[in-house]
Amino acid sequence: EAYLAGVEQLAARGGNLNVASVASFFISRVDSIVDDELEKAGVLELQGKIAIANAKIVYQRFGQIFSGDRWDKLARAGAQVQRVLWASTGTKNPAYPDTLYMDELIGKDTVNTVPPATLTAFMDHGAVASTLPLEANSPQQYIDQLQELGIDIDAITEQLQKQGLDAFSESFENLINAISEKLAKIKA
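A brief structural summary. Bear in mind that the values here come from a model prediction, so they are computed numbers and not experimental data.

Describing the packing of aromatic side chains
- One pass over the full model with this rule turns up five aromatic pairs.
- What links up through ring pairs into an aromatic cluster is the set Tyr3, Tyr59, Phe62, Phe66 and Trp71.

A look at the side chain of threonine 110
- Along the chain, the position of threonine 110 falls in strand E3 (residues 110-112).
- Here the side chain of threonine 110 touches glycine 107 through a polar contact of 2.7 Å, landing on its backbone oxygen.
- Once residues lying within four places of it in the same chain are set aside, the contact partners of threonine 110 are Tyr59, Val84, Trp86, Leu105 and Leu132.

Considerations on the layout of surface pockets
- There is about 710 Å³ of room inside the largest pocket.
- Lining the largest pocket are 27 residues, with Ala23, Ser24, Phe25, Val58 and Gln161 sitting closest to its centre.
- When contributions to the lining of the largest pocket are tallied by element, the ones reaching two or more residues are helix H1 (2-12), strand E1 (22-26), helix H3 (50-65), strand E2 (83-87) and helix H8 (153-187).
- When residues of the lining of the largest pocket are assigned to their parent elements, the largest contribution, eight residues, is made by H8.
- Each residue belonging to the lining of the largest pocket can be placed in one class, and the counts come to 16 nonpolar, six polar and five charged.

Quick look at the sheet that holds E3
- The sheet built from three strands is open, its strands ordered E1-E2-E3 with parallel pairing. Where the open sheet ends on each side, the last strands, each with one partner, are E1 and E3. Between one strand axis and the next, the sheet turns through 25° on average, direction left out of account.
- In this structure, E1 lies alongside E2, joined through five bridges in parallel fashion. Paired with valine 22 across the strands is arginine 83, a residue of E2.
- Across the sheet, H3 lies against E1, E2 and E3, angled at about 170° from E2, the strand it touches most.

Criteria and thresholds
Residues numbered from 1 in each chain as written. Predicted model: local features only at pLDDT ≥ 70, side-chain atom pairs only at ≥ 80, totals over all residues. Heavy atoms only, no water. Phe/Tyr/Trp six-rings, centres within 6.5 Å; stacked < 30°, edge-to-face > 60°. Helix = DSSP H or I, 4+ residues; strand = E, 2+ residues; numbered from the N terminus. Polar contact = N/O pair within 3.5 Å; in protein donor to acceptor, adjacent residues only side chain to side chain. Contact = heavy atoms within 4.5 Å. 1 Å grid on protein atoms, 1.4 Å probe; cavity = no way out; pocket = protein on both sides within 12 Å on 5 of 7 lines; lining within 4 Å. Points joined across faces, edges and corners; volume = space filled by probe spheres on them. Nonpolar A, V, L, I, M, F, W, Y, C, P; charged D, E, K, R; others polar. Pairing = 2+ DSSP bridges. Axes fitted to C-alpha atoms, helices over the stretch in contact; angles between N-to-C directions.

Structure follows, in structure tokens:
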């Protein structure tokens, strides 16, 4: 929504709408946290399914946002789709297939920041096929089951978003400090 609003403002000012952008979503980190909660609840059959279900719901919402009159008007004016970026797609749990998050999240207008080891594994034995859009079984069923167990996926994803923003802010500050130090050395 923020991207669309920004592109609409840019269009109103007569700006160039050819803007590339991504919306990042953590994948394996969701399972890492949820799996611990599921273990405490003694419900192991949902482990390893929630991150993918959450991502597929995100992708479904993405499809809704980037279709219809509002989007079509922007697209005709030259706007690009804000792609979905799957982040943290290395499998952290050794019990899961090493290409789990790659195999399950391949689709149009997506980007994957795959770690090198996962990319090597995927090139060796990954399944190259469009696995998005959604399958017949709705991923919402998994989220509903979590809710029934008292596990709050919204609180978990909010926590991950805060952690991600904090990490990116720290990295940005470190970058700015390094540039400032280098600039000071050059000036000296």
